[in-house]
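Results of the structural survey
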Amino acid sequence: MKTCLVVDDSKVIRKVARHILETLDFEVREAGDGREALDSCLATPPDVVLLDWNMPVMSGMDFLRALKNSGIEQRPKVVFCTTENGMAYIRAAIEAGADEYVMKPFDRETLESKLQIVGVA
Amino acid sequence: MIGADALSGGAMQLIGSLLEQRTGQQIAANRAWRIETALKPVLRERGLPSLDALVGQLLGARTGELADQVVDVLLNQETSFFRDVAVHDQVAAAATAMQAEIGNRRLRIWSAGCSTGQEPLSLAMLFAEKAEGFPMPPEIVATDVSAAALARGRAGRYSQFEIQRGLPVRRMVEWFDTVDGEWVARPELVRRVQFRQQNLTADAPPPGKFDLILCRNVMLYFSLPLRRQVFDRLASAIRPGGLLVLGAGETVIGLTDHFTPSEAYRGFYRASGPAATTLAAAG
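Please read these numbers as outputs of a predicted model, since none were measured by experiment.

Cut-offs used in this document
Residues numbered from 1 in each chain as written. Chains lettered and ligands numbered in written order. Predicted model: local features only at pLDDT ≥ 70, side-chain atom pairs only at ≥ 80, totals over all residues. Core = buried A, V, L, I, M, F, W, Y, C linked by C-beta atoms within 7 Å. Buried ≥ 20, exposed ≤ 12 C-beta atoms within 10 Å, placed from the backbone. Contact = placed C-beta atoms within 7 Å. Axes fitted to C-alpha atoms, helices over the stretch in contact; angles between N-to-C directions. Helix = DSSP H or I, 4+ residues; strand = E, 2+ residues; numbered from the N terminus. Parallel < 35°, antiparallel > 145°, perpendicular 65-115°, else oblique. Left-handed = near helix turned anticlockwise from the far one by under 90°. Nonpolar A, V, L, I, M, F, W, Y, C, P; charged D, E, K, R; others polar. Arc of directions from axis to C-beta. Pairing = 2+ DSSP bridges. Domains from an automatic or database assignment.

1. Thoughts on the nonpolar core
In terms of nonpolar packing, the biggest core is built from 92 residues, with Val-49 and Leu-50 of chain A together with Ile-213 and Leu-244 of chain B touching the most fellow members. Excluding residues that lie within four positions of it along the chain, Leu-244 of chain B makes contacts with Ile-213, Cys-215, Leu-234, Ile-238, Phe-259, Phe-268, Tyr-269 and Ala-271 of chain B. Core analysis: the next-biggest nonpolar cluster, separate from the first, contains ten residues, Leu-51, Val-70, Leu-74 and Leu-75 of chain B among them.

Written as structure tokens, this is what we have:
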């Protein structure tokens, strides 16, 4: 079973994402900000991180940079999942090393499709 | 209990037969609810009080613009970019092998039943990125029975939900721009596809012979006799040795011997020589 770490400061979004991911046979972990997410990844890397952009403590972009610089051996795939839907944001995420990008609002098909593209579903 | 908007059996039959006459598509009895759901926006747009009123207008003008609109909304236009990645990998491999066989002649591909254009635009992206081995990009002809669907394909304009289905983000930023909250394919991508209206069950295929025909998730909406006719039509448009690609749940087996399963590519069917015939007694 593949593991997905859902990183979002919204409990509602985490709940919705968890529900969809569990129907896709993922084991789901949650983090409320980038710092928590980084600690979780360094302790036990998941297969994929579903990452919000704007969060307190540590943003999604700062998390991505910190993950890249952490020297982690098994770097998880990173899929941004955000309301920042402008082209400039998407390009910045790709340049920072994101593997895929989900624009909110999203549905099951979108999430499944993106997880297939990064090779974890 | 029948609701105020519910269709009577006779009205349902009339609308079902209109769709079948125009497109060959059948609506299964257990999918009849789709008729009511799909037609509600038409009622709103035209200010009609009920589905019976719509049927009354249709009876008065069955070949008019209202009938076109009704048929368009009832057609199943489910599609997505790079639908079934494995199929696209095989298309790329098969096209490369075919191009090596045919030398400098331009490879020809037909996307039959292309709906709103995601399949031919996916092929266009694939071959734009894979120029090596091709003296010129393959010709891509895309057809559909629905004028409205083709118009969307030609415009290359997709919603946020549509653009995210199957399309990797790098390709999205490479080939699309955002305009008023929608995603619009760049002209240099759309130009690679020739969109044409064609009814697979009634019209001649696009002229010339194709090396590769994709007709995925189309046959399943046709009756068995109609599938045989359509296989004949596809066979007339493909060169011997060319490849036909069907949807995952579709097959030629028992319906035609114009095509035989490809040994090299799973789910692909190779066109036989000119002696092949449709199996009239099958099914």
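Alright, that's what it looks like, and here's the rest.
2. Looking at the packing of helix H2 (residues 33–46) of chain B against helix H4 (residues 65–74) of chain B
Residue and element names in this part refer to chain B. Axis separation between H2 and H4 bottoms out at 9 Å; the angle between their running directions is 130°. It follows that H2 is oblique to H4 by the angle criterion. Regarding H2 and H4, the two cross each other, and that crossing is right-handed. From H2, Ile-35, Ala-38, Leu-39, Pro-41 and Val-42 reach across to H4, where they touch Gln-69, Val-70, Val-73 and Leu-74. Here the residues of the contact of H2 with H4 sort into eight nonpolar, one polar and no charged.

3. Some remarks on helix H2 (residues 34–43) of chain A
Residue and element names in this part refer to chain A. Here H2 has its buried residues at Gly-34, Ala-37, Leu-38 and Cys-41. Seen along its axis, H2 keeps its buried residues to an arc of 100°; they face one direction. Residues of H2 that are exposed and point more than 90 degrees away from the buried face comprise Asp-39 and Ala-43. Where H2 is buried, its residues touch strand E1 (3–7), strand E2 (27–31), strand E3 (48–51) and helix H3 (60–69).

4. So, the sheet that holds strand E7 (residues 210–215) of chain B
Residue and element names in this part refer to chain B. Within the open sheet, the seven strands sit side by side as E6-E2-E1-E7-E8-E10-E9. Their pairing is mixed. Each edge of the open sheet carries a strand with a single partner, namely strand E6 (193–197) and strand E9 (259–261). In this sheet, neighbouring strand axes are inclined to one another by 25° on average, regardless of whether the strands run parallel or antiparallel. Sheet analysis places strand E1 (residues 108–112) next to strand E2 (residues 139–144), joined by five bridges and oriented parallel. Paired with Ile-109 across the bridge in E2 is Ile-140. Contacts between helix H5 (residues 85–102) and the sheet are confined to E7, strand E8 (238–246) and strand E10 (268–271), with E7 contributing the most and set at about 170° to the helix. Running over the sheet, helix H11 (residues 224–236) touches E7, E8, E9 and E10 and is turned about 135° from E8.

5. A look at the domain arrangement of chain B
Quite often, the size of an interface is put as the accessible area lost when its parts meet. Residues and elements named next belong to chain B. When the domains of chain B are assigned, the result is domain 1 (9–74) and domain 2 (85–271). The distance between the C-alpha centroids of domain 1 and domain 2 comes to 29 Å. Taken residue by residue, the interface counts five residues in domain 1 and ten residues in domain 2. Taken together, the residues that form the side of domain 1 that touches domain 2 break down as no nonpolar, four polar and one charged.

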